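# Descriptive analysis of the structure
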Amino acid sequence: MNLTRTASRPLRGLRLALAGAGRVGLSLVAWAQAAGGRAVAVGTRSEASRQRAAQVLGAERVTPLEELTSADTDLLLVAVGDPVLDAVAVTLALRAQAPIVLHVAGSRDASALAPLAAGGVHTGSLHPLRAFPRPLLDPTAGQGIVFATDGDAPAVDLAWQLATAFGGTPVAVPAAQRRLYHFAATLAAGGVVTLLATAAELVRALELDPAVERGYLELARGAVEAAAAAPEPTAAITGPVARGDRDLVFRQLEALAQTLPALTPLARELALQTLRLLLASGPPSAPQREAQRALFVELAATRGNHELP
Ligand SMILES: NC(=O)c1ccc[n+]([C@@H]2O[C@H](COP(=O)([O-])OP(=O)(O)OC[C@H]3O[C@@H](n4cnc5c(N)ncnc54)[C@H](OP(=O)(O)O)[C@@H]3O)[C@@H](O)[C@H]2O)c1
């Protein structure tokens, strides 16, 4: 690999191949091209995705995935869906591939590419910590993203070069931490959306004006912004549980039990987690701390668990 780096084209000279031309694959290769890289070969499943890859990336070779060879490139990026990653690694290993192969799955470490590593290829991962609801081809979309990496030294080195060239922040997430790193990512994204959808479910159960749903979305936007601006998210927690307002919390739980009883375990566990975080963090005013501790004990007793942080 002979990269001639300049500040504006840090990946100049990098020859890329892509396996799986979907939302993430198209985006990352488009960003790499904007940074001076060149898409040489793409292997993907359907005719429609081959046509789109040819149009969007202008790659020299676009083939069915099982015909992809990339020995004439510096990097093969594997961006197929998680359920087929193992099978695709086996398929790719049947042909000569680039000296470095990176996958983009958050839930898997470099060992997902073991069949390729067995053939002497350097393997690793480069997981962009952001949602791609569609291909995000504008390279500015890469700016500010945290990229989780792991793998052997040459693979990690190239993964960090890519993340940096995209304007992102590369971080090491070793194999042992991978599973819960990905779980936390689903809490931060899907978990937040599930809570919003639950608030919307209550709007419908109470037959409120649907505009209230939009109001909750705006409320959430403000709360996420406050959490991002705070020194750490716990400092931005507000509401009756955080205030230790015992009477209001229990009145709300009673009302919930009458309207949507299936939600009461979730509401109680969320309140307990809020209190656990607050009690473990910096010292709030003494009266509030006592109210929080008392509320924790009372709520925990309703599920037979008296454990205090
Ligand atoms: N989407 C996100 O928000 C996001 C964020 C970070 C990381 N990721 C990771 O990125 C990877 C790709 O996700 P994506 O969202 O880009 O998926 P996607 O849009 O569904 O794209 C997957 C691509 O792989 C192709 N493919 C090739 N061989 C395949 C096979 N045997 N079976 C199924 N598909 C095959 C698909 O072809 P067809 O077009 O013909 O179906 C499709 O183009 C996953 O590991 C995912 O975890 C996703």
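Please refer to the structure higher up on the page.
### Re the site of the ligand
Taken together, 21 residues are adjacent to the ligand, and Val 24, Arg 45, Ser 46, Asp 82 and Phe 132 come closest. Contact distances for the ligand include 3.2 Å between an oxygen atom and a backbone N or O atom of Gly 22. Looking at the shell around the ligand, the elements that each hand over two or more residues are α1 (23-34) and β6 (122-128).

### A closer look at the nonpolar core
Leu 28, Trp 31 and Leu 102 are the most contacted members of the largest nonpolar core, which totals 35 residues. When contributions to this core are tallied by element, the ones reaching two or more residues are β1 (15-19), α1, β2 (38-44), α2 (47-57), β4 (75-78), β5 (100-103) and α5 (153-165). For this core, the element with the most residues is α1, which contributes six residues. Residue contacts for Trp 31: discarding those within four places in its chain leaves Phe 132, Leu 136, Leu 137, Asp 138, Pro 139, Ala 141, Gly 142, Ile 145, Phe 147 and Phe 166. Judged by nonpolar contacts, the second largest core, of 20 residues, contains Ala 17, Val 78, Leu 92 and Leu 116.

### With respect to the side chain of Thr 149
Among the secondary structure elements, Thr 149 is positioned in strand β7 (residues 146-151). Using a relative accessible area of 1% as the deciding quantity, one classes Thr 149 as buried. Reaching out from Thr 149, the side chain makes a polar contact with the side chain of Trp 160 at a distance of 2.9 Å. Not counting residues within four places of it along the chain, the set of residues in contact with Thr 149 comprises Ser 125, Leu 126, Val 156, Ala 159, Trp 160, Val 171, Ala 172, Val 173 and Arg 178.

### Describing the pattern of salt bridges
Taken as a whole, this structure holds twelve salt bridges when the rule is applied. Residue Asp 86 pairs with Arg 108 through a salt bridge whose shortest N-O separation is 2.9 Å. Placement of Asp 86 in helix α3 (residues 85-92) and of Arg 108 in the loop between β5 and α4 (114-117) is noted, with a sequence separation of 22 residues between them. By relative accessible area, which is 38% here, Asp 86 ends up partly exposed. The residue Asp 150 makes a salt bridge to Arg 178 at a minimum N-O spacing of 3.7 Å. Taken together, the residues Asp 150 in strand β7 and Arg 178 in helix α6 (residues 178-205) connect sequence positions 28 residues apart. Classification of Asp 150 by relative accessible area gives buried; the value is 9%.

The rules behind the values
Residues numbered from 1 in each chain as written. Predicted model: local features only at pLDDT ≥ 70, side-chain atom pairs only at ≥ 80, totals over all residues. Heavy atoms only, no water. Near = heavy atom within 4 Å. Polar contact = N/O pair within 3.5 Å; in protein donor to acceptor, adjacent residues only side chain to side chain. Helix = DSSP H or I, 4+ residues; strand = E, 2+ residues; numbered from the N terminus. Core = buried A, V, L, I, M, F, W, Y, C linked by side-chain atoms within 4.5 Å. Buried < 20%, exposed > 50% of the residue type's maximum accessible area, 1.4 Å probe, protein only. Contact = heavy atoms within 4.5 Å. Salt bridge = Lys/Arg side-chain N within 4 Å of Asp/Glu carboxyl O.

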